[in-house]
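# Secondary and tertiary structure notes
If you want the building blocks of each chain, they are given just below.
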Amino acid sequence: MPAPPRHYLLYARQVLRDLRVIIVVLVVGYTLFAIYQGISTHNAGAFVIGAAFAMLPLLLGLGIYAYSRRNFVEFADGGVLVRQFHRSATIPYTEIERVRVDSLEHIFDRPDRKRWQTKTVKNLYGDRAICLRLRGDADLPEQLRRQLGARTIIDREAVLPVTEMDAALAILKQHMGARRQQPEADGESSRRRRRGKRGR
């Protein structure tokens, strides 16, 4: 069975976008400086040192890119897997009460959520997030909050801004629909067995 598609969380990708211009400027600046040093001093060592410095912001960009690839959501058979680099948690479909879509601006642009209004989040205000309303168990939101952070689990909702939002929502609805149909199928099977026993 193929692995479910990954939908990447937008926060880490936005950090890379925010730093992209700075990284390019630093790489170009250090490279030009290395060339100038090599020509003006006729010293190959000075050029090598300057070129090494030019690699540092490039390595930083590659590191952030690798980090963004480790922040994703998968809608697997067992539930919604949320991975944030070294942290992860799975939300069972049976624990999801309701699914809705909302803009990040509407979610975060409130006085009581001021601490999450970072530059990265504000730059994503035009994007949408899948919001999963969790069921009544009071322990589950707190447990998920410890695992995934307070920005991801707000009150009783998991807030998941992901890539390919419409495709992600369609996959989620398929899983949710299958879970709703399963109890009905089990109930119908039980009723048939009871009717069969009465008919004997």
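Being a predicted model, the structure only gives us computed values, none of them experimental.

## Quick word on the sheet that holds strand E1 (residues 6-8)
Spatial strand order, E1-E2-E3-E4: 4 strands in an open sheet with antiparallel pairing. Each end of this open sheet is capped by a strand with a single partner; those strands are E1 and strand E4 (87-91). Geometrically, the sheet is characterised by an average inter-axis angle of 20° between neighbouring strands, direction not taken into account. With 3 bridges connecting them, E1 and strand E2 (residues 71-76) associate as antiparallel partners. Note that in E2 the partner of tyrosine 8 across the bridge is phenylalanine 72. Taken strand by strand, helix H5 (residues 139-148) contacts strand E3 (79-84) and E4, and its axis lies near 150° from that of E4.

## Quick look at the sheet that holds strand E7 (residues 153-154)
Spatially, the 4 strands line up as an open sheet ordered E5-E6-E8-E7, and their pairing is antiparallel. Strands with a single pairing partner mark the edges of an open sheet, and in this sheet they are strand E5 (96-103) and E7.

## Quick look at helix H1 (residues 10-41)
For H1, which comprises 32 residues, the first-to-last C-alpha distance of 46 Å matches the rise-based estimate of 46 Å (1.5 Å per residue) to within 8%. Maximal helix bending in H1 amounts to about 45°, located at leucine 19. Turning to H1, its buried residues number three or more, namely Leu10, Tyr11, Ala12, Gln14, Ile23, Ala34 and Gly38. The inward-facing, buried residues of H1 contact E1, helix H2 (44-68), E2, helix H3 (104-108), helix H4 (119-123) and strand E8 (157-160). Phi for histidine 42, located one or two positions after H1, is positive at around 55°.

## Comments concerning the environment of valine 101
By the secondary structure assignment, valine 101 is in strand E5. Counting along the chain gives 30 residues from valine 101 to cysteine 131, while the straight-line C-alpha distance between them is 5.8 Å. Contact partners of valine 101, with chain neighbours within four places excluded, come to Arg128, Ala129 and Leu169.

## So, the layout of surface pockets
Approximately 200 Å³ is the volume attributed to the largest pocket. Residue lining of the largest pocket: 13 residues in total, with Tyr67, Asn71, Gln84, Arg87 and Arg151 positioned closest to the centre. Ranked by residues supplied to the lining of the largest pocket, first place goes to H1 with 3 residues. Here the residues of the lining of the largest pocket are counted per class, giving 7 nonpolar, 4 polar and 2 charged. Estimates place the volume of the second largest pocket at around 160 Å³. Lining of the second largest pocket is provided by 11 residues; of these, Pro4, Phe75, Ala76, Asp77 and His175 occupy positions nearest its centre. Those elements giving two or more residues to the lining of the second largest pocket turn out to be E2 and helix H6 (165-199). For the lining of the second largest pocket, the element with the highest residue contribution is H6, accounting for 3 residues. Split into classes, the residues belonging to the lining of the second largest pocket amount to 8 nonpolar, 2 polar and 1 charged.

## Thoughts on the nonpolar core
In this structure, Val73, Phe75, Val80, Ile91, Ile130, Leu132 and Leu172 are the most contacted members of the largest nonpolar core, which totals 24 residues. Broken down by secondary-structure element, the contributors of at least two residues to this core are E2, E3, E4, strand E6 (128-134), H5, E8 and H6. Residue contributions to this core peak at 5 residues, all from H6. With sequence-adjacent residues up to four places away left out, phenylalanine 75 is seen in contact with Pro4, His7, Val80, Tyr93, Ile130, Ala168, Ile171, Leu172 and His175. Core analysis: the second largest hydrophobic core is formed by 13 residues, Ile107, Phe108, Cys131 and Ile154 among them.

## Some points on the confidence of the model for the chain
When pLDDT is averaged across the chain, the result is 85; 88% of the residues are at 70 or more. Note on residues 184-191: pLDDT is under 50 here. Beyond four places in sequence and across chains, it has 1 contact.

The rules behind these values
Residues numbered from 1 in each chain as written. Predicted model: local features only at pLDDT ≥ 70, side-chain atom pairs only at ≥ 80, totals over all residues. Heavy atoms only, no water. Pairing = 2+ DSSP bridges. Helix = DSSP H or I, 4+ residues; strand = E, 2+ residues; numbered from the N terminus. Axes fitted to C-alpha atoms, helices over the stretch in contact; angles between N-to-C directions. Contact = heavy atoms within 4.5 Å. Expected span 1.5 Å × (residues − 1). Bend = angle between axes of the 7 residues up to and from the residue. Buried < 20%, exposed > 50% of the residue type's maximum accessible area, 1.4 Å probe, protein only. 1 Å grid on protein atoms, 1.4 Å probe; cavity = no way out; pocket = protein on both sides within 12 Å on 5 of 7 lines; lining within 4 Å. Points joined across faces, edges and corners; volume = space filled by probe spheres on them. Nonpolar A, V, L, I, M, F, W, Y, C, P; charged D, E, K, R; others polar. Core = buried A, V, L, I, M, F, W, Y, C linked by side-chain atoms within 4.5 Å. pLDDT = per-residue confidence, 0-100.

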